[in-house]
Amino acid sequence: MEERKTVLITGGSRGIGKEVALIYAENGYNVIVNYVSDKTDVTGLKKELEKKGITSLIIKADVSKEEEVEELVKQAIEKFGKIDVLVNNAGITRDNLLMRMSKEDFDKVIEINLKGTFLVTKAVAKYMMKKRQGSIINLSSVVGVTGNAGQCNYAASKAGIIGFTKSIARELASRNIRANAVAPGFIKTDMTNVLSDTIKDSINNQIPLKRMGTAKEVAELIYFLGSEKSEYITGQVINIDGGMVM
Ligand code: NAP
């Protein structure tokens, strides 16, 4: 029997990350889910994942803290011996216009979204390099490509993720490790639930397909990028946005 593959998803307790965890579980992967908040109850998620007949590990760690990331990856390797697919999904917003944006809110978003992606990738790539195999998928955003008023911190972090992804794709290709970024548009999750109905309506009007995307739709793309079906794709930014950016 073929050995089970293992996926690590940061920020997998809710939204897009949770759908990614579920799709990998459905496809027989061992699933490691990371989250951060004390308020997050992950017992239901563990049950949901293991109902699909796989083994899961759910680990609390702040991706912006190096020691916590080291411990997260150490526990994952101790349990499963390898990580085949890494999904750097953990992310936050702290929106404001430039003139009202505090240094703290700017730093926080860069620390979690961009530095967190770097820290987790560095810790995991070490093991992927030994196996000479792996796929890394980083969550960017359409606003990392186009910019967005009121999101200079978030857009900078997501643009940074694109440069980071292309650089590591070049560095790691010779070890048979691929790296791609996914750039979602507006996806229905807690992150976008905070928007008022008026803003949601105006956003929907600007989307050629006239609706927000679902976390499941993004998860399907991420699964494809982690799989052998995308073996010749690396260093790319794939938009999934109902046609917002063409
Ligand atoms: P979400 O529903 O707000 O969930 C965020 C996830 O990240 C949660 O699991 C949260 O854990 C985790 N997290 C936050 N800070 C963390 C930290 N310091 N360390 C570890 N985990 C942390 O977000 P989402 O909408 O699914 O977005 C997922 C990713 O897609 C993000 O990178 C986001 O920027 C990107 N994206 C989303 C959209 C969209 O429209 N939703 C569009 C473009 C890009 P807890 O549950 O413990 O808080």
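Summary of the structure given here. All figures in this text were calculated on a predicted structure; none of them were measured in a lab.

1. Brief notes about the pairing of strand β2 (residues 30–35)
Here is the key point about a regular strand: its side chains alternate between the two faces of the sheet.
Next, step 1: The buried fraction of β2 amounts to 6 of the 6 residues, a majority that puts the element mostly inside the structure.
Next, step 2: Both faces of β2 are covered, namely the face carrying Asn30, Ile32 and Asn34 and the face carrying Val31, Val33 and Tyr35.
Next, step 3: Two elements, strand β1 (residues 6–9) and β2, share 4 bridges in a ladder whose sense is parallel. For Leu8, the partnering residue across the bridge sits in β2 and is Ile32.

2. Focus: the pattern of salt bridges
Opposite charge on two side chains permits pairing when their charged atoms draw close.
Next, step 1: With the rule as written, the count across this model stands at 15 salt bridges.
Next, step 2: Of the charged contacts in the structure, one is a salt bridge between Asp190 and Arg14, with a shortest N-O distance of 2.8 Å. Within this pair, whereas Asp190 is found in helix α7 (residues 190–193), its partner Arg14 is found in the loop between β1 and α1 (15–26), the two being separated by 176 residues in sequence.
Next, step 3: For Arg14, a relative accessible area of 48% gives the class partly exposed.

3. Quick word on unusual backbone geometry
Next, step 1: The phi angle at Asn176 is positive, at roughly 65°, despite the residue not being glycine.
Next, step 2: Its identity as a non-glycine residue notwithstanding, Lys210 has a phi of 60°, on the positive side.

4. Structural notes on the site of the ligand
Next, step 1: Taken together, 32 residues form the shell around the ligand, and within it Ser13, Ser37, Asn89, Tyr154 and Thr189 come nearest.
Next, step 2: In this structure, Val36 approaches the ligand through a main-chain N or O atom, which is 2.9 Å from an oxygen atom.
Next, step 3: Between the ligand and the protein, one listed contact pairs an oxygen atom with a backbone N or O atom of Ile187 at 2.8 Å.
Next, step 4: For the ligand, whose free accessible area comes to 910 Å², the fraction covered by protein is 95%.

5. Some thoughts on helix α3 (residues 66–80)
Next, step 1: For α3, spanning 15 residues, the distance from its first C-alpha to its last is 21 Å, which sits close to the expected 21 Å at 1.5 Å a residue.
Next, step 2: What α3 keeps buried is the set Val69, Leu72, Val73, Ala76, Ile77 and Phe80. Seen end-on, α3 carries its buried residues on one side only, within an arc spanning 125°. Of the exposed residues in α3, those oriented more than 90 degrees away from the buried face are Glu67 and Glu78.
Next, step 3: The secondary structure elements touched by the buried residues of α3 are β1, β2, β3 (56–60) and α4 (103–131).
Next, step 4: Remark: Gly81 follows α3 within two positions and exhibits a positive phi of approximately 80°.

Rules behind the numbers
- Residues numbered from 1 in each chain as written.
- Predicted model: local features only at pLDDT ≥ 70, side-chain atom pairs only at ≥ 80, totals over all residues.
- Heavy atoms only, no water.
- Buried < 20%, exposed > 50% of the residue type's maximum accessible area, 1.4 Å probe, protein only.
- Helix = DSSP H or I, 4+ residues; strand = E, 2+ residues; numbered from the N terminus.
- Pairing = 2+ DSSP bridges.
- Salt bridge = Lys/Arg side-chain N within 4 Å of Asp/Glu carboxyl O.
- Near = heavy atom within 4 Å.
- Polar contact = N/O pair within 3.5 Å; in protein donor to acceptor, adjacent residues only side chain to side chain.
- Areas by Shrake-Rupley, 256 points an atom, 1.4 Å probe, with all protein chains shown as cover.
- Expected span 1.5 Å × (residues − 1).
- Arc of directions from axis to C-beta.
- Contact = heavy atoms within 4.5 Å.

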